[in-house]
Amino acid sequence: MNEFVDVLVIGAGPSGCVSSCYLHNNGAKVKVVEKTKFPRLVVGESLIPRVMDHFEEAGLLDALQQMNFEKKSGARFIRGKEVCTFDFSQNYTKGWTWTWQVPRADFDQAMAKEVVKKGIDLAFETEVIAIEFNGKNSITTVKEKNGNLKKIHAKFVIDSSGYGRVLPRLLNLDAPSGLAPHSAIFTHIKDVNRPKNDIISFDIIQTEVWLWVIQFSNGNSSVGIVGPTEFINSLSTTSTTEALRKAILMSNHYKDRFGTLDFLFEPIKLENYSRTVKKMYGDGFALTGNSTEFLDPVFSSGVAFATESGMLAAKLALKELNGKTIDWENDYSQYMQQGIETFRTYVEEWYTGNLQTLFFHQPENPEVKKKICSVLAGYVWDNSNPFVKKHKNIIKNMAHMLNMDKK
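Residues numbered from 1 in each chain as written. Predicted model: local features only at pLDDT ≥ 70, side-chain atom pairs only at ≥ 80, totals over all residues. Heavy atoms only, no water.

### Some details on the pairing of strand β2 (residues 30-33)
Thinking step 1. Residue alternation in β2 divides its side chains into two sets, V30 and V32 and K31 and V33, and both sets are buried.
Thinking step 2. Of the strand pairs in this sheet, strand β1 (residues 2-10) and β2 are connected by four bridges, and their pairing is parallel. Residue pairing for β2: I10 is matched across the bridge by V33.
Thinking step 3. On the question of chirality, the crossover connecting β1 to the parallel β2 by way of helix α1 (residues 14-25) is right-handed. (Buried < 20%, exposed > 50% of the residue type's maximum accessible area, 1.4 Å probe, protein only. Helix = DSSP H or I, 4+ residues; strand = E, 2+ residues; numbered from the N terminus. Pairing = 2+ DSSP bridges. Right-handed = clockwise from strand over helix to strand, strands pointing away.)

### A few points about the pattern of salt bridges
Thinking step 1. Counted under the stated rule, the structure contains 23 salt bridges.
Thinking step 2. A salt bridge links E3 to K150, with the nearest nitrogen and oxygen atoms 3.2 Å apart. In this pair, E3 is assigned in strand β1 and K150 in strand β10 (residues 149-159), connecting sequence segments 147 residues apart.
Thinking step 3. With relative accessibility at 15%, the residue E3 sits in the buried group. (Salt bridge = Lys/Arg side-chain N within 4 Å of Asp/Glu carboxyl O.)

### Quick look at the layout of surface pockets
In this approach the atoms are scanned with a rolling probe the size of a water molecule, which exposes any empty space left behind.
Thinking step 1. One number sums up the size of the largest pocket: a volume of about 820 Å³.
Thinking step 2. Forming the boundary of the largest pocket are 46 residues, of which V42, R104, G162, Y163 and N290 lie nearest the centre.
Thinking step 3. Listing elements by their share of the lining of the largest pocket, those giving two or more residues are α1, β8 (127-134), α5 (166-170), β14 (209-215) and α9 (302-321).
Thinking step 4. At three residues, the largest contribution of residues to the lining of the largest pocket is made by α9.
Thinking step 5. L358, H361, E364, N365 and V368 are the residues nearest the centre of the second largest pocket, which is lined by 13 residues in total. (1 Å grid on protein atoms, 1.4 Å probe; cavity = no way out; pocket = protein on both sides within 12 Å on 5 of 7 lines; lining within 4 Å. Points joined across faces, edges and corners; volume = space filled by probe spheres on them.)

### Looking at the packing of aromatic side chains
Thinking step 1. One pass over the structure, following the stated rule, counts 25 aromatic pairs.
Thinking step 2. Among the aromatic residues, those joined into a cluster by ring pairs are F77, F86, F186, F202, W210, W212, F265, F299, W350 and F359.
Thinking step 3. Over the face of the ring belonging to F263 we find R245, whose NZ or CZ atom lies 4.1 Å from the ring centre.
Thinking step 4. Positioned above the aromatic ring of F86, the side-chain terminus of K369 is 5.4 Å from the ring centre. (Phe/Tyr/Trp six-rings, centres within 6.5 Å; stacked < 30°, edge-to-face > 60°. Lys NZ or Arg CZ within 6 Å of the ring centre and 35° of its normal.)

### Details of unusual backbone geometry
Thinking step 1. Look at the link from F38 to P39: it is a cis peptide, with omega at -5°.
Thinking step 2. Here P39 is to be found in the loop between β2 and α2 (50-58).
Thinking step 3. Between Q362 and the following residue, P363, the backbone shows a cis peptide bond with an omega angle of -5°.
Thinking step 4. A positive phi angle, close to 50°, is found at E125, a residue other than glycine.
Thinking step 5. Examined against the element boundaries, E125 turns out to sit in the loop between β7 (121-123) and β8.
Thinking step 6. Look at N172: it is not a glycine, yet its phi comes out positive at around 55°.
Thinking step 7. Tracing the backbone shows N172 in the loop between α5 and β11 (174-175).
Thinking step 8. N172 gets classed as exposed once you look at its relative accessible area, which sits at 55%.

This is how it looks when you write it as structure tokens:
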């Protein structure tokens, strides 16, 4: 029960599909193992435009377009009677001006089907239980659906296992997140009261508590509450259904629309979801997507980081397989960290209230809004944008000035 491949990809989510397709398209022998059975329910339903570059380069775009997912051309932030709307066509950075909002069960299934259609070996219900490295070569022991054990010999391993965090667990790479502990509860609702031309929205209940509403083309919407873990836990001690129902009733904007509607499944709770790792790569492996770092859902960056890291890891692994020397620290880890740190600043400044000050300030500054919009679209490696290059200070300083002007 031995199998020999160039690259083993762990996980068949967006990162795993993008990386395996790129490698396959460029002649590498790839094996993908996925612990679960598709379709499966997962969070991360709102994408940002940067992901479209990766789907196109991987050869997945046509298959996804045929699914007729809900188009996302921007996002709306609500705070009481104040509203701030971002339009991705008003970007500072040249790139995609739209993306999708997707039920992930359907979205991931469509990608996985295309992976198989391309001739890539994808094994569902196959769990990684051990791995050992001999230099850069590895032997991964997997347990198949029928209970049989198989050893997969690979020259490189890409961990796209997401929340499963396979290699971080097996290699002791987990590290505590620097972000404050937040949690979320979400479900889907048949959105019978949806108004025409409704767009994805974030309703701010308190500075650190907000409700998301993500519309799907099938007539359902994803509704979720996010806040400090202590607050989320205080909503109910008995059920997630009671907790989410209470949260919806806190929203003046959405309580009438969703307050009496049934939930399509018992709300799922994600507790203390932020994660990080000690390092993103090692001899013979790279970590991608949520197996490395997950920040916060407020700006929908999760899938974008998954596909960005999945595509980059695949490109670098292929070069290494072809005999080139790769500086994984500079070309992978530091590159990814730039984007992660930029988004981390935006998440932190969202919860301090400084970013909300910029969002809702009137009159709007169109140039500032364009530059922030590019960050929200996922173009967080464009250092010509001062809201990327100077992210550590620019939001804080600008919010301080605006608050001083008010006084």
